[in-house]
Amino acid sequence: MKKFTIVTAILFLLTNILNAQTEQGKILVSGKSSLDFTSSTTKYYYDGETDSDFDEKVNKFSIAPSVGYFVIDNLAVGLSASYQTEKYKEGSDNWDDPISVYMVGPFVTYIFPLQGMVKPFIGGIGGIAGASYGPDDEDKQSGVIYGGNAGVALFLNKNISLDLGGQYIKSNFRNNGDNKYQSKSGNFAATVGFSLFF
């Protein structure tokens, strides 16, 4: 009986500590990062005969920090930024010019005030963005992005959570050299990151 009482008291205290992380006035700092290397070979055939080989290598790196403030319990607003660079190489050719993409804008996140160490969240993001894949204006684009995300925050302790989720982002870009050229896209991605609560 004594062990049950101690365990119950510890769980009660831990639950109250975890609920205190998302109170009004707290600071949220989070970030995501990835480093990908891909190498693929595709063989093309015509009428059973080898037509050509296509060998491609891709290197990608991205980082996305954000800082927010809980304006009310469980609702944080703040500023987010991201940067991604990609490099491609086909066969024995030299690496192509890197593709760089950036984004800066506001975000909002709501963390559902459930008991325990696992808390679902939803959020939205918007902002300005740009992409560059060469030195000329024709190789640059700028525009806006917006989207939403959802997932779960797994609180490892009272100040750190592991965030698992998904996000859908829409973008609308215009070419800097010829603004008649426009690209629109929608992208879904699985996300993993960490958040710190102060």
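Everything below is about the structure shown above.
Glancing now at the overall build of the chain. Regarding its fold elements, the chain presents one helix and eight strands. Reading the secondary structure of the chain in the N-to-C direction produces α-β-β-β-β-β-β-β-β. Per-residue burial over the chain gives 24% buried out of 198 residues. Intrachain contacts of the chain at a sequence separation of at least 6 include 58% that bridge at least 24 residues. Carbon and sulfur atoms form 61% of the exposed surface of the chain, whose accessible area is close to 12,400 Å².

Moving on, we come to unusual backbone geometry. Positive phi is not limited to glycine here, since N74 has a value of about 75°. When its relative accessible area of 10% is taken as the criterion, N74 is described as buried.

Next up on the list: the nonpolar core. Considering soluble globular proteins, one finds that nonpolar side chains tend to be buried as a cluster. Ranked by size, the top nonpolar core spans nine residues in total: L28, F70, A76, F107, I111, F121, A153, F155 and F197. At the level of elements, β4 (99-111) and β6 (140-155) are the ones that each hand at least two residues to this core. The contacts of F70, once residues within four sequence positions are left out, are Q21, T22, E23, Q24, G25, K26, L28, L75, A76, I111 and F197.

When strand β5 (residues 118-132) meets β6, the two strands line up antiparallel, connected through 15 bridges. Paired with G124 across the bridge in β6 is G148. By the bridge criterion, 15 bridges tie β6 to strand β7 (residues 160-175) in an arrangement that is antiparallel. Bridge pairing in β7 links Q141 to N175. Linking two consecutive strands that pair antiparallel, namely β6 and β7, is a turn of four residues.

Turning our eyes to something else, we now look at the pairing of strand β8 (residues 182-197). Every regular strand shows the same layout, with side chains that alternate between the two sheet faces. As paired elements, β7 and β8 share 15 bridges and run antiparallel to each other. Looking across to β8, one finds that F173 is bridged to S183. Linking two consecutive strands that pair antiparallel, namely β7 and β8, is a turn of six residues.

This next bit is on a nonpolar patch on the surface. Together, I27, V67, Y69, V71, I72, V77, V108, L196 and F198 make up an exposed nonpolar region whose accessible area comes to about 700 Å². Here I72 shows up in strand β2 (residues 49-72).

What follows deals with the environment of P65. On the secondary structure map, P65 appears in strand β2. When the C-alpha positions of P65 and S80 are compared, they lie 6.1 Å apart, and in sequence the two are 15 residues distant. Once you skip the residues sitting within four places of it in the chain, P65 turns out to touch S30, G31, S80 and A81.

A separate point is the packing of aromatic side chains. Centre-to-centre distance and the angle between the planes together describe a pair of aromatic rings. Per the counting criterion, the structure on display carries three aromatic pairs. With a centroid separation of 6.2 Å and 25° between ring planes, the pair formed by F70 and F197 is classed as stacked. With F70 in strand β2 and F197 in strand β8, this residue pair connects regions lying 127 residues apart in the sequence. The pair formed by F70 and F197 is uniform in burial state, with each residue classed as buried. When the centroid spacing of 5.2 Å and the interplanar angle of 40° are considered together, the rings of F155 and F197 count as tilted. Of this pair, F155 sits in strand β6 while F197 sits in strand β8; the two residues are 42 residues apart in sequence, bridging distant segments of the chain. Counting every residue linked through ring pairs, the aromatic cluster contains F70, F155 and F197. The lysine or arginine in question, K119, covers the ring of F155, its NZ or CZ lying 5.8 Å from the ring centre.

The rules behind these values
- Residues numbered from 1 in each chain as written.
- Predicted model: local features only at pLDDT ≥ 70, side-chain atom pairs only at ≥ 80, totals over all residues.
- Heavy atoms only, no water.
- Helix = DSSP H or I, 4+ residues; strand = E, 2+ residues; numbered from the N terminus.
- Buried < 20%, exposed > 50% of the residue type's maximum accessible area, 1.4 Å probe, protein only.
- Contact = heavy atoms within 4.5 Å.
- Areas by Shrake-Rupley, 256 points an atom, 1.4 Å probe, with all protein chains shown as cover.
- Core = buried A, V, L, I, M, F, W, Y, C linked by side-chain atoms within 4.5 Å.
- Pairing = 2+ DSSP bridges.
- Patch = residues over 30% accessible without salt bridge, like charges linked within 9 Å, V, L, I, M, F, W, Y side chains within 5 Å.
- Salt bridge = Lys/Arg side-chain N within 4 Å of Asp/Glu carboxyl O.
- Phe/Tyr/Trp six-rings, centres within 6.5 Å; stacked < 30°, edge-to-face > 60°.
- Lys NZ or Arg CZ within 6 Å of the ring centre and 35° of its normal.

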